[in-house]
Amino acid sequence: MNRHLVKALQVAWELPEFRGGVRHLIDLDEVAVLLAALSVPDHDNAVERSLLSLLRSAFDAIEIREAVLLLLEQDEVRRPLVAAAVEPLAGRPGLAAAVASAAEDPAARREVRAVLDNASARGLLWQAVENQVSDNRFGLIRRAVVLFVRHPGVRRLAWALRRHGVLRELRRKQ
């Protein structure tokens, strides 16, 4: 597991309000089993689907969504998570810098919150993630277009990502 991600999870877990808040909402044993299964290099798609299902149900629970979004506002949690997210992008330093810049922008984080607070947008977003995992490019593109057309928050988030150069760097060839 990525060392930055582990550090961020440890910081989050040490916060009593976070640990106490999620204990009654999710099965911590199930999370431990899934994380152990994901740490095996040759895990199958069923493990990833189980994790996505758990994440989806967690983000549908307002208490967990709020806890996670509040944690992302704390520098000591957000920065290791961002470092973990951009570490695989070492071959694309421009994209890594753009993602890190967007994550530090309070306006971009507000747009992420607005999108995640909208149940319809969350549903379409999870469908897009499932299409990505299933390698269904047509479904992914279709969901992305519907998200962009139906939800102004998604358009504002895309604009914020554009300001930080994320979209330009995504288009750039490796």
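Here is a short report on the structure shown in this document. (Residues numbered from 1 in each chain as written. Predicted model: local features only at pLDDT ≥ 70, side-chain atom pairs only at ≥ 80, totals over all residues. Heavy atoms only, no water.)

What follows covers the environment of Asn118. With respect to the element layout, Asn118 can be found in the loop between α8 (106–117) and α9 (119–133). At 3.0 Å, the side chain of Asn118 and the backbone nitrogen of Ala121 are in polar contact. (Helix = DSSP H or I, 4+ residues; strand = E, 2+ residues; numbered from the N terminus. Polar contact = N/O pair within 3.5 Å; in protein donor to acceptor, adjacent residues only side chain to side chain.)

If you check helix α7 (residues 93–104), its first and last C-alpha atoms are 17 Å apart, about what 12 residues at 1.5 Å a residue would give, namely 16 Å. All of the buried residues in α7 are Leu95, Ala96, Ala98, Ala102 and Ala103. Viewed end-on, α7 has its buried residues packed into an arc of 165°, placing them on one side of the element. The inward-facing, buried residues of α7 abut α6 (75–86), α8, α11 (152–163) and α12 (166–171). (Expected span 1.5 Å × (residues − 1). Buried < 20%, exposed > 50% of the residue type's maximum accessible area, 1.4 Å probe, protein only. Arc of directions from axis to C-beta. Contact = heavy atoms within 4.5 Å.)

Within this structure, the stated rule accounts for 12 salt bridges. Here Glu73 ties to Arg109 by a salt bridge, and the two come within 3.2 Å at their closest N and O atoms. In this pair, Glu73 sits in the loop between α5 (62–72) and α6 while Arg109 sits in helix α8, placing the two residues 36 residues apart along the sequence. A salt bridge links Arg163 to Asp105; the nearest nitrogen and oxygen atoms lie 3.4 Å apart. With a gap of 58 residues between them, Arg163 in helix α11 and Asp105 in the loop between α7 and α8 connect regions that are remote in the sequence. (Salt bridge = Lys/Arg side-chain N within 4 Å of Asp/Glu carboxyl O.)

Turning to unusual backbone geometry, a few remarks are in order. Positive phi values are uncommon outside glycine, yet Asp135 reaches one of about 60°. By the element assignment, Asp135 lies in the loop between α9 and α10 (137–150). The class of Asp135 is exposed, set by a relative accessible area of 63%.

Where α8 contacts α11, the two axes come as close as 9 Å, and the packing angle between them is 155°. Relative to α11, the element α8 is oriented roughly antiparallel. Judged by the twist between their axes, the crossing of α8 over α11 is left-handed. For the pair α8 and α11, contact is made by Ala107, Ala108, Glu111, Val112 and Val115 and by Gly153, Val154, Arg156, Leu157, Ala160 and Arg163, respectively. For the contact of α8 with α11, the residue count by class is 7 nonpolar, 1 polar and 3 charged. (Axes fitted to C-alpha atoms, helices over the stretch in contact; angles between N-to-C directions. Parallel < 35°, antiparallel > 145°, perpendicular 65-115°, else oblique. Left-handed = near helix turned anticlockwise from the far one by under 90°. Nonpolar A, V, L, I, M, F, W, Y, C, P; charged D, E, K, R; others polar.)

Bringing α9 into the picture now. Here α9 spans 21 Å end to end across 15 residues, near enough to the 21 Å set by a 1.5 Å rise per residue. Regarding α9, the residues found buried are Ala121, Arg122, Gly123, Leu124, Trp126, Ala128 and Asn131. In this structure Asn118 caps α9, since a side-chain oxygen of it lies 2.9 Å from the backbone nitrogen of Ser120. Phi for Asp135, located one or two positions after α9, is positive at around 60°.

Assignment of secondary structure puts Asp75 in helix α6. Between the C-alpha atom of Asp75 and that of Glu104, which follows or precedes it by 29 residues, the distance is 8.7 Å. A distance of 2.3 Å separates polar atoms of two side chains, one belonging to Asp75 and the other to Arg78.

A separate point is the nonpolar core. Counting 9 residues, the largest nonpolar core consists of Val82, Val86, Leu89, Leu95, Ala96, Ala98, Ala102, Ala103 and Val166. In this structure, Val115, Ala121, Leu147 and Val154 belong to the second largest nonpolar core, which totals 6 residues. (Core = buried A, V, L, I, M, F, W, Y, C linked by side-chain atoms within 4.5 Å.)

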